[in-house]
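What follows is the residue order along each chain.
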Amino acid sequence: MGLLKLEKGQILHKAGEDEVSSLEVIVKGRIKIYDATSSMEAGVGNFIGLAENPGKKLYLFL
Amino acid sequence: MSEISLVWQKIQAKNYIYSYEAIEETSVYFYPYESLDDIPLVVKGNPKIAPILASQTAESAAVVAAIYEKEFDDANREYEQIMADYADYPSLCIKVGEAPKMFPELDEIIPPEKSPNVPDWSLEFVNSLKEHDAEAKKGFYPISVEIAAGMVMTTFTIIRQISNEVQALGAYKKILKRKAGAFISTMKMIRAKLSDMEKAETGDTGNVTIVNALSTILSYSDVTSEISAKFEDEINRFKSFDNRYDSSDEARALRRSISTSFYDVYTAAFLKSVTDSDIPIELRMFFMFGFVDEDLAGEKNTEILYNMAKAYVPDPEGNVLTMYEWLLKIYNLEADPSKNEFDQDWPAYLRDQKMNGNINDAQLEAMMNHQKSRLDFEIKNLFALGNRMTFGRVSSFVPVFDQQNVLRPLDMAYLTSPKVNGYFDMIRSIDYSVFCRQALYTNPEAGITQLFYSEDITPYMILLPNVGSRASLWQEIDGKNRRTKARMLISIFNTENTEECMIRLFGEFRWEMCKTEQGVHWNDVTDPSLTSMYCDYLQFFKKNSALSSEVKEKLRTDLKKFSNNYKNVFIADYLAYIKYEANSSPRLNKVAREILFTFCPFSRELREKIGDNPQYTELINHYNARIGNQAKPITNLVNKLRKEEIEVPEVVIKQLEHLQK
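Everything numeric in this text was worked out from a predicted model, so none of it was measured.

Novice: Would you take a moment to explain the overall build of chain A for this structure?
Specialist: On a plain count of helices and strands, chain A comes out with 0 helices and 7 strands. Looking at the 62 residues of chain A, the share that counts as buried comes to 45%. In chain A, 26% of the contacts between residues at least 6 apart in sequence involve partners at least 24 apart. When the accessible surface of chain A is split by element, carbon and sulfur atoms take 53% of a total near 3300 Å².

Below, the structure written as structure tokens:
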């Protein structure tokens, strides 16, 4: 939990590479959400990563 | 297992489906996200902004719904277009006079369907929420944090369902493209033909019909679907990059990757074209200029390239060749493949492969004249390396035609065979013996036991398909035969001062040819030659009493500037010699001028013009005496043969004429 500052053009998460483990709320600025075919913009008050599937931690005893 | 150990594993760990990029300076507050239960916790943990979170999530849901509708409409339109074209295809084939092909994969295509997972009411719901957002934000979301959290979760569920369907539509479009790719390209070709036929009927030749050239090229080349998809994806990514010549790792990797795929496609398309008498114009543009995409090239440039490719006339003398023509020569065994980066020619490379155990004797024999192996070797070496070299900026090289590289109007930068032959004539009118090689003539019947004569061998000038700034000498002779043509490379669109580029290139040729002729004695001053005298002059200039201290200082600076590379110092001096000294504008010091005039003498016309110049008077006198001594026995020989009424061999007459040049 914490605040993260991003510069213009900085990638917060990259499709196919980063693992989903956090949910973000935009408190300042705008973020472009895109894949190969479509894109949209999100502003202040938007959740980042709602459409993603989070990873789960599981403890196994062997 | 006796000991119980705790092992932590992540399951269901998924990667992001979308990329997220800040489009301005942005701050985000991040929370752990392990399950969906974390979402309401975030809302409840921020009661003050909970209504805003609910409102923004509803708005996002409406945006995602609009994207879904658009994607569905696009997919549907594409499908209907393909099916309509498929129905028209047989009659269009008859119209353009082509035999219809079978496309069984089109029968497998089904129309896109709206998923029951996204019912209409959910779309209407999120659209209505957006419409009444102001009222909801004022009087509904703020009622309680539980309502806000509930709204976030409701709209979130809709977002997720729609997002899954958008992904599915994306996958549908990819399959559609894969299955109908060949048919779409065929239809484009048919449409272009139809358009050309209509123009021919109406007499209109103005507009250019280049549409979706990349598909045409890929379809024509018959490369595997993997290579085709990879190249198409790379070009699309390259196009979408604003800063495609960036030095970032991503941009570099993409440029490198394009280079690899480009030659795969080029080779495949080339192999198909050798048996095709009617190569499509897109392919001719691809072969000549590296053109692959009309958007990447720009509309205006595409039109120019189209006209250039259409109006192209090969060099009647066969000295100036496009890369395609050159590869054709290699493929048809009319010329041997060029040397590779380790200075090995084709036979030497094969011998090396055999010594390393990569091939055996039988394979060596089979490969020596194997067309495809020779072509691959040439593409991998001369084409791939030469293309990068002539482009000028090695780290930002891409083999495809890009309008961002057009730094000079194309019609001015375009090198045609008359232009290049003009440069050959220009250099010969100044340095008349630049392409001459010494050869031995014997004719015992005419009583000529030994006559050394000069043979003028015009080099090959191969035009590389790029917009570049450099010219390069690939090799001065072919194999060991000194009477073979040199191979020079230059971009088909030269953005620099082409005259200077050419003079430098000819200077380099002078140097390298001398080295080849002299062999190990190339820098042996006891065997005077251009290279040996120049090396001696540059090595011992400090002790040379003929040079003033200012000249010595300048030489010191020049050597530093050219990193002590004698060849490059010579090339700079050669440029000054041809460009300025020949126009009576002295730029060289006395020693350099003497060496250059001795080994690269000016033509007769120029000698007469500058004869009064005291800097040249003595040099010209020496030259005349030397040439007189060489011409005298030949004149005597001619007189003797004429007296005896024996026909004077052409070689003898030509040598006499050469000495009088």
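Novice: What should I look at first to understand the interface of chain A and chain B in this one?
Specialist: As a measure of interface size, the accessible area lost when the parts come together is often cited. Residue-level contacts link 59 residues of chain A with 55 residues of chain B. Carbon and sulfur atoms supply 58% of the area that chain A and chain B bury against each other, a total of about 6400 Å² over both sides. Joining chain A to chain B, the criterion identifies 3 salt bridges. Our count for the chain A to chain B interface comes out at 34 residue pairs in polar contact (both at pLDDT 80 or more).

Novice: I would appreciate a short explanation of the side chain of B:Ser491 in the present structure.
Specialist: All names here are of chain B. Assignment of secondary structure puts serine 491 in strand β9 (residues 487-494). Exposure remark for serine 491: the relative accessible area of 0% places this residue in the buried category. Within the structure, the side chain of serine 491 is placed 2.6 Å from the side chain of asparagine 466, a separation counted as a polar contact. Not counting residues within four places of it along the chain, the set of residues in contact with serine 491 comprises Thr390, Phe391, Leu415, Leu464, Asn466, Val467, Gly468, Ser469 and Arg470.

Novice: Mind showing me how you'd approach the packing of aromatic side chains here?
Specialist: The geometry of an aromatic ring pair comes down to the distance between the two centres and the angle between the two planes. All names here are of chain B. Enumeration over the complete set of coordinates arrives at 45 aromatic pairs over all chains. Relative to phenylalanine 383, the ring of tyrosine 266 has its centre 4.8 Å away and its plane inclined at 70 degrees; by these criteria the two rings are edge-to-face. Here the residue tyrosine 266 occupies a position in helix α8 (residues 249-273), and phenylalanine 383 occupies one in helix α15 (residues 371-391), the gap between them amounting to 117 residues. For the pair tyrosine 266 and phenylalanine 383, one class covers both residues: buried. Centroid distance phenylalanine 391 to phenylalanine 397: 5.3 Å. Interplanar angle 75 degrees. Geometry classified as edge-to-face. The class of phenylalanine 391 is buried, set by a relative accessible area of 2%. Phenylalanine 397 gets classed as buried once you look at its relative accessible area, which sits at 3%.

Novice: Teacher, can you tell me more about the sheet that holds strand β4 (residues 31-34) of chain A here?
Specialist: Sheets are built from strands that pair by backbone hydrogen bonding, the pairs being arranged parallel or antiparallel. Overall, antiparallel pairing links the 4 strands, which are arranged β2(A)-β2(B)-β4(A)-β5(A) in an open sheet. The open sheet has two free edges, formed respectively by β2 (11-13) and β5 (39-42) of chain A, since each of these has just one partner strand. Averaged over all pairs of adjacent strands, the angle between their axes in this sheet comes to 25 degrees, without regard to strand direction. Two strands pair when backbone bridges link them, and β2(A) and strand β2 (residues 19-22) of chain B are joined in this way by 2 bridges, in the antiparallel orientation. Each residue of the ladder has a partner; that of A:Ile11, found in β2(B), is B:Glu21.

Novice: Can you walk me through the pattern of salt bridges in this structure?
Specialist: A pair can form between side chains of opposite charge whenever their charged atoms are brought close. All chains considered together, the criterion is met by 36 salt bridges over all chains. Residue B:Glu25 is joined to A:Lys28 by a salt bridge in which the shortest nitrogen-to-oxygen separation is 3.7 Å. Here B:Glu25 is found in the loop between β2 and β3 (26-32), whereas its partner A:Lys28 is found in strand β3 (residues 22-28) on a different chain. The exposure class assigned to B:Glu25 is partly exposed, which follows from its relative accessible area of 48%. The partly exposed category is assigned to A:Lys28, whose relative accessible area is 40%.

Novice: Honestly, the side chain of B:Asn319 in this entry has me stumped. Any pointers?
Specialist: Along the polypeptide, B:Asn319 turns up in the loop between α11 (299-311) and β4 (320-322). The contacts of B:Asn319, once residues within four sequence positions are left out, are B:Phe424, B:Thr458, B:Pro459, B:Tyr460, B:Met461 and B:Lys485.

Novice: Would you mind going over helix α2 (residues 50-96) of chain B with me for this structure?
Specialist: Because each turn of an α-helix spans 3.6 residues, side chains separated by three or four positions in sequence point in the same direction. Residue and element names in this part refer to chain B. Spanning 47 residues, α2 covers 65 Å between terminal C-alpha atoms, matching the ideal 69 Å at 1.5 Å per step. Of all the bends in α2, the greatest, near 50 degrees, is centred on tyrosine 89, and the proline proline 90 appears no more than four residues after it. The positive-phi residue at the C-terminal boundary of α2 is glycine 97, with phi of around 75 degrees.

Novice: In this structure, what is going on with the nonpolar core? I would like to understand it.
Specialist: Membership of the largest hydrophobic core comes to 94 residues, with the highest contact counts inside it found for B:Phe289, B:Met461, B:Phe493, B:Phe506 and B:Tyr574. At 10 residues, helix α24 (residues 614-643) of chain B tops the list of elements feeding residues into this core. Shared between two domains, this core holds at least three residues of each, these being domain 2 (208-312) and domain 3 (322-499) of chain B. Every residue in contact with B:Tyr574, bar those within four places of it in the chain, is listed here: B:Ile427, B:Asp431, B:Val434, B:Ile503, B:Phe506, B:Gly507, B:Arg510, B:Leu596 and B:Cys600. If you look at the next biggest cluster of nonpolar residues, it comprises 67 residues, including A:Phe47, B:Tyr18, B:Met151 and B:Val166.

Novice: Before we go on, may I ask you to explain the confidence of the model for chain A in this structure?
Specialist: Any segment with low pLDDT has predicted coordinates that should not be analysed in fine detail. Scored by pLDDT, chain A comes out at a mean of 83, with 87% of its residues at no less than 70. This model gives residues 57-62 of chain A a pLDDT under 50, and the stretch forms 23 contacts once residues within four places in sequence are excluded.

Novice: Honestly, the sheet that holds β3(B) in this entry has me stumped. Any pointers?
Specialist: Strand order in the open sheet made by the 4 strands is β1(A)-β3(B)-β3(A)-β6(A), with antiparallel pairing throughout. Of all the strands in the sheet, just β1 (2-6) and β6 (47-48) of chain A have a single pairing partner and so form its edges. Both β3(A) and β3(B) contribute to a ladder of 6 bridges, which runs antiparallel. By the bridge assignment for β3(B), A:Val25 is matched with B:Tyr29.

Novice: Honestly, the domain arrangement of chain B in this entry has me stumped. Any pointers?
Specialist: Along its sequence, chain B is organised into domain 1 (38-202), domain 2 (208-312) and domain 3 (322-499). Here the C-alpha centre of domain 3 of chain B lies 53 Å away from the C-alpha centre of domain 1 of chain B.

Novice: What is the right way to read the environment of B:Phe291 from this model?
Specialist: Residue and element names in this part refer to chain B. Following the sequence through the fold, phenylalanine 291 ends up in the loop between α9 (281-289) and α10 (294-297). C-alpha separation for the pair phenylalanine 291 and leucine 214, spaced 77 residues apart in sequence, amounts to 8.7 Å. Ignoring anything within four residues of it in the chain, the contact list for phenylalanine 291 reads Ile210, Ala213, Ile217, Glu282, Met285, Phe286, Ala297, Thr302, Leu305 and Phe401.

Novice: Sorry if this is basic, but what is going on with the pairing of β3(A) here?
Specialist: As a general feature of sheets, a regular strand has side chains that alternate between the two faces. All names here are of chain A. Of all 7 residues in β3, 5 are buried; the element is thus mostly enclosed. Note that β3 and β6 share 2 bridges and pair antiparallel. If you follow glutamate 24 over to β6, its bridge partner there is isoleucine 48.

Novice: It is not clear to me how the packing of helix α13 (residues 346-355) of chain B against helix α14 (residues 361-368) of chain B should be interpreted in this structure. Could you clarify?
Specialist: Working note: a packed helix pair is described by the angle between its axes plus the distance between those axes. All names here are of chain B. Interhelical geometry of α13 versus α14 gives an angle of 160 degrees and a closest axis separation of 10 Å. On the basis of the axis angle, α13 is roughly antiparallel to α14. Read as a crossing pair, α13 and α14 show a hand that is right-handed. Where α13 approaches α14, its residues Trp346, Pro347, Leu350, Arg351 and Lys354 are matched on the opposing element by Asp361, Leu364, Met367 and Met368. When its residues are assigned to classes, the contact of α13 with α14 shows 6 nonpolar, no polar and 3 charged.

Novice: Is there a simple way to think about the environment of B:Val398 in this case?
Specialist: All names here are of chain B. With respect to the helices and strands, the residue valine 398 is situated in the loop between α15 and α16 (410-413). The class of valine 398 is buried, set by a relative accessible area of 1%. In this structure valine 398 touches Phe238, Tyr245, Arg255 and Asn405, once residues within four positions along its chain are discounted.

Novice: Would you mind going over helix α17 (residues 417-430) of chain B with me for this structure?
Specialist: Residues and elements named next belong to chain B. Its 14 residues give α17 an end-to-end C-alpha distance of 20 Å, which sits within 8% of 20 Å, the value for a rise of 1.5 Å per residue. Of all the positions in α17, only Ser417, Val420, Asn421, Tyr423, Phe424, Met426, Ile427 and Ile430 are classed as buried. Each element contacted by the buried residues of α17 is listed here: β4, β7 (460-468), α18 (498-518), α21 (566-579) and α23 (604-610).

Cut-offs and rules
One numbering rule holds for all chains: residues counted from 1, following each sequence as written. Written order determines the labels here, with chains lettered from A and ligands numbered from 1. Side-chain atom pairs in this predicted model are given and counted only at pLDDT of 80 or more, local residue features only at pLDDT of at least 70, and totals for whole chains, interfaces and linings cover all residues. Here the side-chain values reflect all heavy atoms present in the structure, with hydrogen atoms and water set aside. To qualify as a helix, a DSSP run of H or I must reach at least 4 residues; to qualify as a strand, a run of E must reach at least 2; elements of each kind are numbered from the N terminus. Categorising residues by exposure relies on relative accessible area from a 1.4 Å probe, with only protein chains included: less than 20% of the type maximum marks a residue as buried, more than 50% marks it as exposed, and the intermediate range marks it as partly exposed. In what follows, a contact means two residues having at least one pair of non-hydrogen atoms within 4.5 Å. Only the protein chains shown count as cover for residues, with accessible areas throughout obtained via the Shrake-Rupley method and a probe of 1.4 Å. By convention, the term buried area covers the 1.4 Å-probe accessible surface removed from two parts as they join, with the contributions of both added. By definition, a salt bridge exists where a carboxyl oxygen of Asp or Glu is found within 4 Å of a side-chain nitrogen of Lys or Arg. Counted as a polar contact is a pair of N or O atoms within 3.5 Å, where, for protein atoms, one must be capable of donating a hydrogen and the other of accepting one, and residues adjacent in sequence contribute only when both atoms are in side chains. Between the rings of Phe, Tyr and Trp (Trp by its six-membered ring), a pair exists once the centres lie within 6.5 Å; its type follows the angle of the planes, with under 30 degrees stacked, over 60 edge-to-face, and the other angles tilted. Strands were regarded as paired on the criterion that DSSP finds at least two bridges between them. Angular values range over 0 to 180 degrees, each being the angle between N-to-C directions of two axes fitted as lines to C-alpha atoms, with helices fitted over their stretch in contact. By definition here, a helix of n residues has an expected span of 1.5 Å times n minus one. Note that bend, as reported per residue, equals the angle between axes fitted to the 7 residues terminating at that residue and the 7 residues originating from it. Residue types Ala, Val, Leu, Ile, Met, Phe, Trp, Tyr and Cys, when buried and joined through side-chain atoms within 4.5 Å, form a set referred to as a nonpolar core. Where each domain starts and ends follows an automatic or database-derived domain assignment. How sure the predictor is of each residue is captured by pLDDT, a score from 0 to 100. Throughout this description, any angle smaller than 35 degrees is read as roughly parallel, any larger than 145 degrees as roughly antiparallel, any in the 65 to 115 degree range as roughly perpendicular, and the remainder as oblique. For a crossing to be left-handed, the near helix must be turned anticlockwise from the far one by less than a right angle; the clockwise case is right-handed. Classes in brief: Ala, Val, Leu, Ile, Met, Phe, Trp, Tyr, Cys and Pro nonpolar; Asp, Glu, Lys and Arg charged; the others, Gly included, polar.

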